[in-house]
Amino acid sequence: MDFLYHARITGPLCLLVIVLASMPAFGQTTDFSGDWAERSHEDNWGRRGGPCPSPQCGGPALGDYLGFALTDAGRMRADTADVADWELPEFQCRPHPVPYVWRAAGGVRIDKEIDPVTRELVAYHVNWVRSLDRTIYMDGRPHPPEYAAHTWEGFSTGRWDGNTLVVTTTHLKESYLRRNGVKSTDQVKVTEYLTRHGNILTVVAMIEDPVYLEEPYIFSVSYVRDLHTSLTYYPCTIVESVDITPVVPHFLPGENPNLTDWTAQFGIPIEAARGYRKALYPEYQLEINNSPSGPDTN
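Residues numbered from 1 in each chain as written. Predicted model: local features only at pLDDT ≥ 70, side-chain atom pairs only at ≥ 80, totals over all residues. Heavy atoms only, no water.

## Description of the overall build of the protein
Along the backbone of the protein there are five helices and 11 strands. Relative to its 298 residues, the protein shows a buried fraction of 41%. When contacts within the protein are restricted to residue pairs at least 6 apart in sequence, those whose partners lie at least 24 apart make up 58%. (Helix = DSSP H or I, 4+ residues; strand = E, 2+ residues; numbered from the N terminus. Buried < 20%, exposed > 50% of the residue type's maximum accessible area, 1.4 Å probe, protein only. Contact = heavy atoms within 4.5 Å.)

The structure is reproduced here in structure tokens:
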């Protein structure tokens, strides 16, 4: 009798567990919606520069590729860039692209799109001061084919890994990973991990580009929930600077004279700053220390 009783009880329970485990996790407890204020604790100088006048006023120096594993094509693309193109009239209303926008100036607002009937989470909508509306689809839809349109925001889908939101983004335009000329191509793939601990939102992003990167570029950024703010209007207007030119500012390959001006000042070997993969690993420190001539800072 005991055996039959336990079989009648445990059988349906096991079936219920299997059914629940196979159902989509619509009832997630992590809520990322709201207004968040950025905290520039990581790599602040490289993102915005120090107070003017400073050696890096306005952002990272030309030729500063620290932290990247660039291919030869990616290095040449960065070497030929001229940041004066930020003052071209057609670039004044250019939105910051994914994934750069996470570390651009300003806060972020995240809104939930809820199905009015099923009350399931359909999508998150993410907005920054200087961006388009970014939609992260949470309804299981697939990414479009490769020939679909590539945009500043790309096409993003999200899934839950525990209480961490994992976002995969494709179909991005060619754009910048660092404001000093380090680029990504339209083949880039971005994977972001959003984690919330109380009022702290941490975003870790991994960028993979088969053309310009030999290894993924990874960064993180933190935000704090702010109940007393909202995104401001971005006054996007076409302007002409006093030093505007009718041509796109650029340098021909091998002719940029400004790539190494900053390395001697900070005591950084030129080779280490050039975005070579080996410079990412601890063993490289031993290599430059054991060099007969010591670290090359010229």
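## Concerning the environment of Leu 201
Inspection of the secondary structure puts Leu 201 in strand β10 (residues 200-208). Considered as a pair, Leu 201 and Arg 39 are 162 residues apart in the sequence and their alpha carbons are 10.0 Å apart. Ignoring any residue separated from it by four or fewer positions in sequence, one finds Leu 201 in contact with Phe 32, Trp 36, Ile 110, Leu 194, Thr 195, Val 221, Ser 222 and Tyr 223.

## Digging into a nonpolar patch on the surface
Residues Tyr 193, Val 204 and Ile 218 make up a contiguous nonpolar surface patch of roughly 240 Å² in combined accessible area. For Tyr 193, a relative accessible area of 32% corresponds to the partly exposed category. (Patch = residues over 30% accessible without salt bridge, like charges linked within 9 Å, V, L, I, M, F, W, Y side chains within 5 Å. Areas by Shrake-Rupley, 256 points an atom, 1.4 Å probe, with all protein chains shown as cover. Salt bridge = Lys/Arg side-chain N within 4 Å of Asp/Glu carboxyl O.)

## Side note on the pairing of strand β6 (residues 164-170)
Most of β6 sits out of view: six of its seven residues are buried. With seven bridges connecting them, strand β5 (residues 155-161) and β6 associate as antiparallel partners. From the neighbouring strand, Phe 155 faces β6, where its bridge partner is Thr 170. Here β5 hands over to β6 after two residues, with Gly 162 in that stretch at a positive phi of 65 degrees. (Pairing = 2+ DSSP bridges.)

## Some words on empty space enclosed by the protein
A probe as big as a water molecule, rolled over the atoms, marks out the empty space that is left. A complete count under the given rule lists two cavities of 30 Å³ or more for this structure. What the second largest cavity holds in volume is close to 80 Å³. Residue lining of the second largest cavity: Ala 81, Asp 82, Val 83, Asp 85, Trp 86, Arg 94, Tyr 176, Arg 178, Arg 179, Asn 180, Gly 181 and Lys 183, and that is the complete set. Here the residues of the lining of the second largest cavity sort into four nonpolar, two polar and six charged. (1 Å grid on protein atoms, 1.4 Å probe; cavity = no way out; pocket = protein on both sides within 12 Å on 5 of 7 lines; lining within 4 Å. Points joined across faces, edges and corners; volume = space filled by probe spheres on them. Nonpolar A, V, L, I, M, F, W, Y, C, P; charged D, E, K, R; others polar.)

## Considerations on helix α3 (residues 72-79)
Among the residues of α3, those classed as buried are Gly 74, Arg 75, Ala 78 and Asp 79. In an axial view of α3, the angular spread of the buried residues amounts to 135 degrees, which keeps them on one side of the axis. (Arc of directions from axis to C-beta.)

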